[in-house]
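For reference, the chains in residue letters:
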Amino acid sequence: MSLNRREFLKASLSVSSGSLLSFSVITSASEEPGSEADAELSPYPFLSIDDKGRVTYFTTRSDLGQGSITGICLIIADELGVEPDDITVDFKSPQERHWVGTGGSSGTYSVYRYHRPRIAAVRQLLINAAAKLWQVSSSQCEVSNGYVCKNGTEEKVSYGQLVALAKMLELPDEKAVEVFEPDKFRWIGKSRRLNHIASIVTGEAKYGIDIELPEMLFASIERCPYPRGSIRSFDLKAAKASPGVVEVTELKGSGWEGQAQYRPTGIAVIAKSAWQAQQAREKLSVEWKCPQSDLINDASIDRYYSQKLKQAGVVVHQKGDYIRELSLAEHKLDAVYKTPYWNHAPLEPMNATAVVNDSRCEVWSGCHLQTILQTELMELLGFESEQVIIHTPLIGGSFGRRLYRDYAIEAVLLAQKIKKPIQVLFNRLDESKHGQYMPAAHIQMTSGIRKNEKNTPFANSLHVRAVQASNESQRTPETLKDGKDPYLQFDPLRIPYEFENLHYEQCYTHEMPVPTGYWRGTYGNNYCFAFESWIDELAIHLKQDRLDYRLSLLENDKELYPKVSDDAEQLDKKLAKRVIKRAAELADWRGNKSAGQGRGIAWCWSFFYSYAAAVADVSVSSKKEITVNKITIVIDCGIAVNPNMIKAQLEGGVIWALSAMQTQVHFEAGKVVNNSFADYPVLNYSQCPPIEVDIISSQRPASGVGEIGNMPIFAAVCNAIYDAIGVRVRELPLKDFRIKAT
Amino acid sequence: MGSEQNNFQKIDFTVNGKPVSLMVEPNKPLLWVLRDELNLKGTKYGCGLSTCGACTLHLDGQAVRSCVLPVSACQGKEITTVEGLSEDGEHPVQKAWVEAEVPQCGYCQSGQIMQATALLMTNPEPDNATVNQYMSQVLCRCGTYPRIKKAIGLASELIKEKGTSL
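Remember, predicted model here, so these are calculated numbers, not experimental data.

Take the overall build of chain A next. For chain A, the helix and strand inventory stands at 19 helices and 29 strands. Relative to a compact globule of 742 residues, whose C-alpha radius of gyration would be 27 Å, chain A shows 27 Å and is just as compact. In terms of principal-axis extent, the alpha carbons of chain A reach across some 80 × 75 × 50 Å. Taken across its 742 residues, chain A has 66% of its residues classed as buried. Taking contacts inside chain A between residues at least 6 apart in sequence as the whole, the part at least 24 apart equals 78%. Carbon and sulfur atoms provide 48% of the accessible area of chain A, an area that totals close to 26,300 Å². Charged side chains in chain A number 84 positive and 90 negative. The centres of these two groups are separated by 4 Å.

Encoded structure:
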């Protein structure tokens, strides 16, 4: 690996698809045919077939609960011509040609779209080997259940028997090989249970927290609560004297400025058990310093964002003449939509186990950007890639949090210092106070209302000013290109409403000392909330049906925006309209409603090429208690690889959004206030509404699923509240309303 | 550094049907005793504050949060963890969980299963309000609640078919 870290990150983190890492680009660039071991055929690092015919998939993707590895096995089974049960799933540490990482809802669809031709090339290689064996043309052979069969005869030869011969032949060019058409799929499209479901229900499943190594020690770390803060004073005596304690040591953080991966300074208490370390840590006495300017609280954050909204931002898109159009308007409508900082709060707290010596480093963690973690550790330790071994046990939830590497780097630094295996384990307070939070946003929407020749009012302009910061530009403003944030600028462009005059601006909140990061759907959540609420407001103002008005703004089939990158799939408004209409139909959009009952609709198109529309049906009591009667959600994700798991992801997304609607991260005197689920209340069982999921079947290549279920829910629910009682909610979480048990 | 043997105490209890006798710190939570001393890692640490329910297990048949339960309170008691529900994953609740395809990340599921089992042991056909009240004590961030609901219904059916209580 000759690139330095900055160059590597630049090369790896494609910004072309906007919101999240473009894994498809990375994998197609980095995985080329390579060498293999003697007894096996492994022209690509992610796949091997041994001389017994055993197929192994070395996962490049991680299962964080989305079931993607199970889905990927269906894709491999179909394209290779084997049974899913014949595929063993294994994990190997990243290598130069074996990029390992998961994000951007790309796990399954990237394999469907970009790896399938490679699997097909391996299939063709086996066919070519059999053809050579039989001295016939390859076109006379086809595959079936791990065998190549000679057409029109009973003759067949197993993949295992072909391995030795296939290794001597040239791998066909993946571009010259045809993948199977969907009508040939045996496994894709049929629901299959999670591969490892039995190990979960019996308690045998091993997560990062369950890793055990000989002589392992445990660290609990008291971290600086202020990102730009430092240690004022400390007294470690009592902690050092606490039972089981082996060492108490300062752990320097990354610093704040210029650090894409922020990691606070802390005092690590290392003991023989996790519980002893936690107990001893409570006896620490540490005082932290915070710059006066960073003593933020909820009100000061709101003021800062409000002031930013008054400043002109950088223009990320414009069309027509918004200023002139507004001057012609009879009146102007505007509103500001606010979303808070949210935490990921997965159930498995951040943890990592590391062993480091002079020539080797091994890490076990739930981090699912394994290649990036490896690269950072190579730089940190001065090691080559083969000296840094990354292991990935099962992952107890991420939702974006485990894209970050803070806990793993802490474990490595401590293991290096103590020269023993170390497990760093966050407690729930750490989890609450040291997150990489979903960035807060204020989004102002403005439209001018005019009357046409028939005296009918209409809106022909939209001005959007959004105040927000991406994780990248927040601490490394040099990533801005022409002043624009490449990680944020495309998000509003995925919302294709037809106004003649558009003006989209962004104001970046670099100064805010709050660590931020990707969060299930990230900016798609804020933008969908603001746009879909605003379209509702306009429809109501114009006295039009909210569904019909939406559809009328999507009539025109011409592209509103240029492609964000060459390989990006463009929005198809016909597909958008189809999910919207289907959701309305399933939710009985025009059906009778009782007093206090309302329906709201919203939809989105995501950076991973899926479409979703949701209808919320709610009842609101006079005490402002919300009963969510039902959420209906419809997705078009192209070929539905594993339908029941797609359904699970959408149910999860709906619940994710409803959780967020009742909670937020609070700040006081520069620190996060929240401690646990007691003051960061997520949705519980009793609050969960009935959720109907519908998957529109399609022959379009598979697209992403994991982050779309949540995006339209915020606006759908707020639009339903308005429909029910005429109160417009423009700020999340819901302040006066409470989601009741169903 | 810290002392080795700080007020260790002998505790006897039964775990998954087997008698266990341990010298442990009496204030150490049962969760950590199971994980550290008995290598029973199916019971999960989620919050350590009794706010999430990931550590739920049975103490004399009752669902309890083992992360805040000092091991000293378990003297002479019977403890069942997810590993002790069945030999082979064939407990009706486990079977229902597989049938309804409940787990996503799976981390909270041993807590969910133990909570649901405790409920069904005393009330094999619980009404909606009872299930709501009971299951709301165990959180899931992946959003598996609709399938937990389905699985509890299935488990209830399986128990009825079997004709015995749990």
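To continue, consider the side chain of His-503 of chain A. With respect to the helices and strands, the residue His-503 of chain A is situated in strand 22 (residues 501-508). Residue contacts for His-503 of chain A: discarding those within four places in its chain leaves Val-315, His-317, Gln-318, Tyr-322, Leu-462, His-463 and Val-464 of chain A.

Next up on the list: helix 12 (residues 406-418) of chain A. Residues and elements named next belong to chain A. With 13 residues, helix 12 extends 18 Å between its outermost C-alpha atoms, agreeing within 8% with the 18 Å of an ideal straight helix rising 1.5 Å per residue. Buried within helix 12 we find Asp-406, Tyr-407, Ala-408, Ile-409, Glu-410, Ala-411, Val-412, Leu-413, Leu-414, Ala-415 and Ile-418. Of the residues trailing helix 12, Lys-419 is marked for its positive phi of about 60°.

Bringing the pairing of strand 5 (residues 141-144) of chain A into the picture now. Residue and element names in this part refer to chain A. Burial of the side chains of strand 5 is restricted to one face: Cys-141 and Val-143 are buried, whereas none of Glu-142 and Ser-144 on the reverse face is. For strand 5 and strand 6 (residues 147-150), the ladder comprises four bridges, and the chain directions are antiparallel. Each residue of the ladder has a partner; that of Glu-142, found in strand 6, is Cys-149. Between strand 5 and strand 6, which follow one another and run antiparallel, lie two residues, and Asn-145 among them has a positive phi close to 50°.

Before going further, it helps to examine the side chain of Gln-94 of chain B. Positionally, Gln-94 of chain B belongs in helix 2 (residues 92-99). Overall, Gln-94 of chain B belongs to the buried group, its relative accessible area being 0%. Not counting chain neighbours up to four residues away, the residues in contact with Gln-94 of chain B comprise Val-201 and Thr-202 of chain A together with Val-82, Leu-85, Ser-86 and Gly-89 of chain B.

Okay, the interface of chain B and chain A next. Counting residues at the interface gives 54 residues for chain B and 70 residues for chain A. Joining chain B to chain A, the criterion identifies five salt bridges. Residues Lys-41 of chain B and Glu-212 of chain A are paired through a salt bridge, measuring 3.3 Å at the closest nitrogen-oxygen approach. Mapped by element, the contributors of at least two residues to the side of chain B that touches chain A are helix 1 (30-37), helix 2, helix 3 (109-122), helix 4 (128-135) and helix 5 (145-162) of chain B.

Let's shift gears to unusual backbone geometry. Here the bond from Leu-732 of chain A into Pro-733 of chain A is cis, since omega is 0°, no more than 30 degrees from zero. Relative to the elements of secondary structure, Pro-733 of chain A occurs in the loop between helix 19 (713-725) and strand 29 (738-739). Of note in the backbone geometry, Ala-345 of chain A takes a positive phi value of approximately 45° without being a glycine. Along the chain, Ala-345 of chain A falls in the loop between strand 14 (331-339) and strand 15 (351-356). With a relative accessible area of 5%, Ala-345 of chain A lands in the buried category. Residues other than glycine seldom take positive phi values, yet Glu-101 of chain B does so here, at roughly 50°. Along the chain, Glu-101 of chain B falls in the loop between helix 2 and helix 3.

This part is about the domain arrangement of chain A. Residues and elements named next belong to chain A. Each domain of chain A was delimited in the assignment, giving domain 1 (5-201), domain 2 (208-291 + 350-425) and domain 3 (298-343 + 436-739). For domain 2 versus domain 3, the separation of C-alpha centres amounts to 37 Å. Carbon and sulfur atoms make up 58% of the surface buried where domain 2 meets domain 3, a total of about 1,500 Å² over both sides. Of all residues in domain 2, the largest losses of buried area upon contact with domain 3 belong to Trp-256, Phe-399 and Tyr-404, amounting jointly to 40% of the total for that side. Taken together, the links from domain 2 to domain 3 amount to zero salt bridges.

Further remarks concern the layout of surface pockets. Over the atoms a probe the size of a water molecule is rolled, and this reveals where empty space is left. Computed from the structure, the largest pocket encloses a volume of approximately 600 Å³. Taken together, 27 residues make up the lining of the largest pocket; nearest its centre are Arg-281, Glu-282, Asn-427, Leu-429 and Asp-430 of chain A. Put simply, the parts of the chain that give the lining of the largest pocket at least two residues each are strand 8 (217-223), helix 8 (274-281), helix 13 (428-433) and strand 27 (671-672) of chain A together with helix 1 of chain B. The residue makeup of the lining of the largest pocket, split by class, is 13 nonpolar, six polar and eight charged.

All names here are of chain A. Within the secondary structure layout, Glu-731 lies in the loop between helix 19 and strand 29. Taking C-alpha positions, Glu-731 is 4.6 Å from Lys-338, a pair spaced 393 residues apart along the chain. Dropping the residues within four chain positions of it, Glu-731 is found in contact with Lys-338 and Phe-529.

What follows is about the sheet that holds strand 4 (residues 62-65) of chain B. Residue and element names in this part refer to chain B. Taken in spatial order, the five strands line up as 2-1-5-3-4 in an open sheet, and their pairing is mixed. With one partner strand each, in any of the chains shown, strand 2 (18-24) and strand 4 form the two edges of the open sheet. Direction aside, neighbouring strands of the sheet carry axes that sit 40° apart on average. In this fold helix 3 packs onto strand 3 (56-59), strand 4 and strand 5 (78-80), with an angle of close to 40° to the strand it touches most, strand 3.

Time to look at the packing of helix 15 (residues 523-541) of chain A against helix 19 of chain A. Residue and element names in this part refer to chain A. With their axes 8 Å apart at the nearest point, helix 15 and helix 19 run at an angle of 30° to one another. Here helix 15 lies roughly parallel to helix 19, going by the angle between them. Of the two possible hands of crossing, helix 15 and helix 19 adopt the one that is right-handed. Counted together, Asn-525, Cys-528, Phe-529, Glu-532, Ser-533, Asp-536 and Ile-540 of helix 15 and Phe-714, Ala-715, Cys-718, Asn-719 and Tyr-722 of helix 19 form the full contact between these two elements. Among the residues making up the contact of helix 15 with helix 19, the classes are represented as seven nonpolar, three polar and two charged.

Residues and elements named next belong to chain B. If you check the domain split of chain B, you get domain 1 (9-84) and domain 2 (92-162). Placing the centre of domain 1 and that of domain 2 at their C-alpha centroids yields a distance of 21 Å. Summing the contributions of domain 1 and of domain 2, the shared interface buries around 1,200 Å²; its carbon and sulfur component is 57%. Our enumeration of links across domain 1 and domain 2 arrives at zero salt bridges. At the junction of domain 1 with domain 2, the criterion picks out six residue pairs in polar contact (both at pLDDT 80 or more). When contributions to the side of domain 1 that touches domain 2 are tallied by element, the ones reaching two or more residues are strand 3 and strand 4. Ranked by the residues each element gives to the side of domain 1 that touches domain 2, the list is headed by strand 3, at three residues. Of the residues in the side of domain 1 that touches domain 2, the class split is six nonpolar, nine polar and two charged.

Moving on, we come to the nonpolar core. In this structure, Val-148, Tyr-341 and Phe-499 of chain A together with Trp-97 of chain B are the most contacted members of the largest nonpolar core, which totals 266 residues. Looking at which element gives the most residues to this core, the answer is helix 4 (residues 107-134) of chain A, with 15 residues. When neighbours within four sequence positions are excluded, Val-148 of chain A is seen to be in contact with Leu-126, Ile-127, Ala-130, Trp-134, Cys-141, Glu-142, Val-143, Glu-155, Lys-156, Val-157, Tyr-159 and Leu-162 of chain A. With 17 residues, the next largest nonpolar core counts Phe-13, Val-15, Val-20 and Leu-69 of chain B among its residues.

Residue and element names in this part refer to chain B. For strand 1 (residues 9-15) and strand 2, the ladder comprises seven bridges, and the chain directions are antiparallel. Looking at strand 2, one finds that Asp-12 is bridged to Ser-21. Here strand 1 folds back onto strand 2, and the loop between the two strands holds two residues, one of which, Asn-16, carries a positive phi near 50°. Bridge count between strand 1 and strand 5: two bridges; the pairing is parallel. Bridge pairing links Thr-14 to Glu-78 in strand 5.

Rules behind the numbers
Residues numbered from 1 in each chain as written. Chains lettered and ligands numbered in written order. Predicted model: local features only at pLDDT ≥ 70, side-chain atom pairs only at ≥ 80, totals over all residues. Heavy atoms only, no water. Helix = DSSP H or I, 4+ residues; strand = E, 2+ residues; numbered from the N terminus. Rg over C-alpha atoms; globule rule 2.2 N^0.38 Å. Buried < 20%, exposed > 50% of the residue type's maximum accessible area, 1.4 Å probe, protein only. Contact = heavy atoms within 4.5 Å. Areas by Shrake-Rupley, 256 points an atom, 1.4 Å probe, with all protein chains shown as cover. Lys, Arg positive; Asp, Glu negative; His and termini not counted. Charge placed at Lys NZ, Arg CZ, Asp CG, Glu CD. Expected span 1.5 Å × (residues − 1). Pairing = 2+ DSSP bridges. Salt bridge = Lys/Arg side-chain N within 4 Å of Asp/Glu carboxyl O. Domains from an automatic or database assignment. Buried area = accessible area lost by both parts, 1.4 Å probe. 1 Å grid on protein atoms, 1.4 Å probe; cavity = no way out; pocket = protein on both sides within 12 Å on 5 of 7 lines; lining within 4 Å. Points joined across faces, edges and corners; volume = space filled by probe spheres on them. Nonpolar A, V, L, I, M, F, W, Y, C, P; charged D, E, K, R; others polar. Axes fitted to C-alpha atoms, helices over the stretch in contact; angles between N-to-C directions. Parallel < 35°, antiparallel > 145°, perpendicular 65-115°, else oblique. Left-handed = near helix turned anticlockwise from the far one by under 90°. Polar contact = N/O pair within 3.5 Å; in protein donor to acceptor, adjacent residues only side chain to side chain. Core = buried A, V, L, I, M, F, W, Y, C linked by side-chain atoms within 4.5 Å.

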